[in-house]
Amino acid sequence: METPFEKFEAFLRSKDLKLTTGREAILRQALKTKGHFDSEGIFQSLKKQKSGISRDAVFRNIPLLLEAGLIQKSVGQGKGEYYEAIEAKHGHHDHMICTECGKVIEFFSKELEKKQAEVCKAYGFEMTFHDHRIFGHCKECR
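Residues numbered from 1 in each chain as written. Predicted model: local features only at pLDDT ≥ 70, side-chain atom pairs only at ≥ 80, totals over all residues. Heavy atoms only, no water.

1. Comments concerning the sheet that holds strand S3 (residues 94-98)
If you walk across this open sheet you meet the three strands as S4-S3-S5, and the pairing is mixed. Of all the strands in the sheet, just strand S4 (104-107) and strand S5 (133-136) have a single pairing partner and so form its edges. Each adjacent strand pair in this sheet contributes to an overall mean axis angle of 20 degrees, direction not counted. (Pairing = 2+ DSSP bridges. Helix = DSSP H or I, 4+ residues; strand = E, 2+ residues; numbered from the N terminus. Axes fitted to C-alpha atoms, helices over the stretch in contact; angles between N-to-C directions.)

Laid out in structure tokens, this is it:
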């Protein structure tokens, strides 16, 4: 089984890019961050470690981690983009968010994933990643 670093390196090679020490550090920090994170949080963690990695480098490389399938869009506090590492044991999942209390329910639907692939194929569209969030009211707030 290939490691996240091997997967990222292969992805970068396909884009004629290299796995630099900075990219490795960004990936390592994203993978070890528990729960949901944003790009600024990754930058601040790396800054505390005195890594020398710039904010711009973090913000430029997060989309590469996303496209490589190592992180996925998620939910968090605030209006920015939030992410989470795709763990081997949990894998990709989607989110239902209660707009009343903020509760987040994580779920996975094989049928939904299959349907997305079918829709992409029907339109000749190549999906690199997706972000599926459903907003509404949880059973406690209804």
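2. Thoughts on the environment of Glu113
Among the structural elements, Glu113 can be located in helix H5 (residues 110-122). For Glu113 and Thr128, which are 15 residues apart along the polypeptide, the C-alpha to C-alpha distance reads 13 Å. Once residues lying within four places of it in the same chain are set aside, the contact partners of Glu113 are His92, Asp94, Phe108 and His130. (Contact = heavy atoms within 4.5 Å.)

3. Remarks on the side chain of Glu113
Buried charged residue Glu113 carries no salt bridge. Nearest counter-charge: Lys110, at 12 Å. Polar contacts involving the side chain of Glu113 include one to the side chain of Gln116, which spans 3.3 Å. (Buried < 20%, exposed > 50% of the residue type's maximum accessible area, 1.4 Å probe, protein only. Lys, Arg positive; Asp, Glu negative; His and termini not counted. Salt bridge = Lys/Arg side-chain N within 4 Å of Asp/Glu carboxyl O. Polar contact = N/O pair within 3.5 Å; in protein donor to acceptor, adjacent residues only side chain to side chain.)

4. Quick look at the packing of helix H2 (residues 21-32) against helix H4 (residues 55-67)
Helix packing for two helices is described by the angle between their axes and how far apart those axes are. Packing of H2 against H4 leaves a shortest axis separation of 10 Å and a crossing angle of 70 degrees. Judged by the angle between their axes, H2 and H4 are roughly perpendicular. Helix-helix and strand crossings are classified by hand; for H2 and H4 the assignment is right-handed. Packed against H2, whose contacting residues are Arg23, Ile26, Leu27 and Ala30, the element H4 presents Ala57, Val58, Asn61, Ile62, Leu64 and Leu65 at the interface. (Parallel < 35°, antiparallel > 145°, perpendicular 65-115°, else oblique. Left-handed = near helix turned anticlockwise from the far one by under 90°.)

5. Here we look at the packing of aromatic side chains
Scanning all chains against the criterion turns up one aromatic pair. Both rings, one in Phe37 and one in Tyr83, keep their centres 6.1 Å apart while their planes meet at 35 degrees; by these two values the pair is tilted. Within this pair, whereas Phe37 is found in the loop between H2 and helix H3 (39-48), its partner Tyr83 is found in strand S2 (residues 82-85), the two being separated by 46 residues in sequence. Accessibility assignment for this pair places Phe37 and Tyr83 in one class, buried. (Phe/Tyr/Trp six-rings, centres within 6.5 Å; stacked < 30°, edge-to-face > 60°.)

6. A word on the nonpolar core
Core analysis: the biggest nonpolar cluster contains 23 residues, and Phe8, Ile26, Val58, Ile62, Leu65 and Ile71 have the highest contact counts within it. Among the secondary structure elements, those contributing two or more residues to this core are helix H1 (4-14), H2, H3 and H4. Element by element, the count of residues in this core is highest for H4, at six residues. The contacts of Ile26, once residues within four sequence positions are left out, are Ile42, Leu46, Ile53, Ala57, Val58, Asn61, Ile62 and Leu65. (Core = buried A, V, L, I, M, F, W, Y, C linked by side-chain atoms within 4.5 Å.)

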